[in-house]
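The chain contents come next:
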Amino acid sequence: SFTEREKSSLVYDEKAEKRHQKEQYASGRLFPRFPPTPRGIRNFALLGHLIARGLQDGRTMNMWLHPVFLDRLLGKSMKPDSRYDGSVSNLLPSRASIGSIGSVNVPGGISTRHLSHLMTRVDPPMEQSLQRLLAMSEEELAVMDIVFTVPGTDDRVQLCEGGLEIAVTQNNVAQYCDAVRQVLCCTSVDIPARTVLEGLNRSSIIPGHMRLFTGPEFEVLLSGHRGKVWATEEQLRRDVTCAHGYNTHSKAIQFFITAVVSFSAELQRRFLLFISGSDCLPAGGLNPPIPVSYTHLTLPTKRIV
């Protein structure tokens, strides 16, 4: 169960939710590549165990997942109007054979507008390229010599059966663009998401319970707050304990708190890394808090020649 302090740090923040939804092409955030490789799948299984261990121990990590991938882990369907039926099986997409991926059966049900929005969040340059394709004439598409395969896979993955033999024309360019968006934004996360959730399940974390959190809330549990660690003096006072000659009214304590709060976000995180071994603050604050005590130093009286 969560303490009142942990609950207050996880309170729903509408602005944070909007930032989470609008986050564009987050540099340094984890998103699965396509097609998946056996080594990559093993790494995602390890990631599931690592996330579970961090949640169980109350530790935060520098692990920033892409919002689209995080939404899939939390059981959110790629369809904007979908409803969750409460079953854990809905959180675990069916596994495909990694070694036999040669073509992708692209399911329907997701609007072009929503697929375009997902691609803009995942890979804006790719979405810009697809938009340029949609604006090309029949002659320009013929010069491009594009077939129904996933870009960047050297024609190893076809978007449909016989995709290598189907040229992209003005009659089917819209279907081609939607299929590429579907594969790179939706299909690409299914197997990795399933593997992570299975790792969580084997580590006694029930995947269905993750539905209780929004994306920003779960990110706070996993990696702590972004930006400044302590934005106000009151926040820092919660993480400081005074002992051995100091109390909360001591001038030295006041100077210390004022100085640390005035630090930039980067400097605060370096300070936190120095005193705790991690630059991420857990959702419930430091436990134990930072001890600040008075130490009297006796300087030598002899002169050293």
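Scroll up a little and you will see the structure.
What this report covers is the structure whose coordinates are included nearby.

1. Details of the environment of Ile290
Next, step 1: If you trace the backbone, Ile290 turns up in strand S2 (residues 290-293).
Next, step 2: Residue Ile290 is classed as buried on the basis of its relative accessible area, which comes to 9%.
Next, step 3: Between the C-alpha atom of Ile290 and that of Leu272, which follows or precedes it by 18 residues, the distance is 9.6 Å.

2. Digging into the nonpolar core
Next, step 1: Counting 50 residues, the largest nonpolar core has Phe69 and Tyr176 as the members making the most contacts within it.
Next, step 2: Residues contacting Tyr176, with those up to four places away along its chain left out, are Leu130, Leu133, Ile146, Val147, Phe148, Thr149, Pro151, Leu159 and Val168.
Next, step 3: Ranked by size, the runner-up nonpolar core spans 14 residues in total, among them Val260, Val261, Leu281 and Val292.

3. Brief notes about the packing of helix H5 (residues 112-122) against helix H8 (residues 173-202)
Next, step 1: H8 packs onto H5 with a crossing angle of 50° between their chain directions and a minimal axis gap of 9 Å. Relative to H8, the element H5 lies oblique. The two elements H5 and H8 cross, and the hand of that crossing is left-handed. Along the contact surface, H5 presents Thr112, Leu115, Ser116, Leu118, Met119 and Val122, while H8 presents Asp178, Val180, Arg181, Gln182, Leu184, Cys185 and Cys186.
Next, step 2: Grouping the amino acids of the contact of H5 with H8 by side-chain chemistry returns eight nonpolar, three polar and two charged.

4. Quick notes on unusual backbone geometry
Next, step 1: Going from Phe34 to Pro35, the amide bond is cis rather than trans, its omega being -5°.
Next, step 2: By secondary structure assignment, the location of Pro35 is in the loop between helix H2 (14-22) and helix H3 (38-57).
Next, step 3: The backbone of Asp145 shows a phi angle near 55°, a positive value even though the residue is not glycine.
Next, step 4: The residue Asp145 is located in the loop between helix H7 (138-144) and H8 in this model.
Next, step 5: You will see that Ser204, though not glycine, has its phi angle at about 70°, which is positive.
Next, step 6: You can see Ser204 is positioned in the loop between H8 and helix H9 (215-223).

5. As for the pairing of S2
Next, step 1: What you see with S2 is a clean split: Ile290 and Val292 sit on the buried side and Pro291 and Ser293 on the side with no burial.
Next, step 2: Of the pairings in the sheet, the one linking strand S1 (residues 240-243) to S2 comprises four bridges and is parallel in character. In the sheet register, Thr241 faces S2, and the bridge partner there is Pro291.

What counts as what
Residues numbered from 1 in each chain as written. Predicted model: local features only at pLDDT ≥ 70, side-chain atom pairs only at ≥ 80, totals over all residues. Heavy atoms only, no water. Helix = DSSP H or I, 4+ residues; strand = E, 2+ residues; numbered from the N terminus. Buried < 20%, exposed > 50% of the residue type's maximum accessible area, 1.4 Å probe, protein only. Core = buried A, V, L, I, M, F, W, Y, C linked by side-chain atoms within 4.5 Å. Contact = heavy atoms within 4.5 Å. Axes fitted to C-alpha atoms, helices over the stretch in contact; angles between N-to-C directions. Parallel < 35°, antiparallel > 145°, perpendicular 65-115°, else oblique. Left-handed = near helix turned anticlockwise from the far one by under 90°. Nonpolar A, V, L, I, M, F, W, Y, C, P; charged D, E, K, R; others polar. Pairing = 2+ DSSP bridges.

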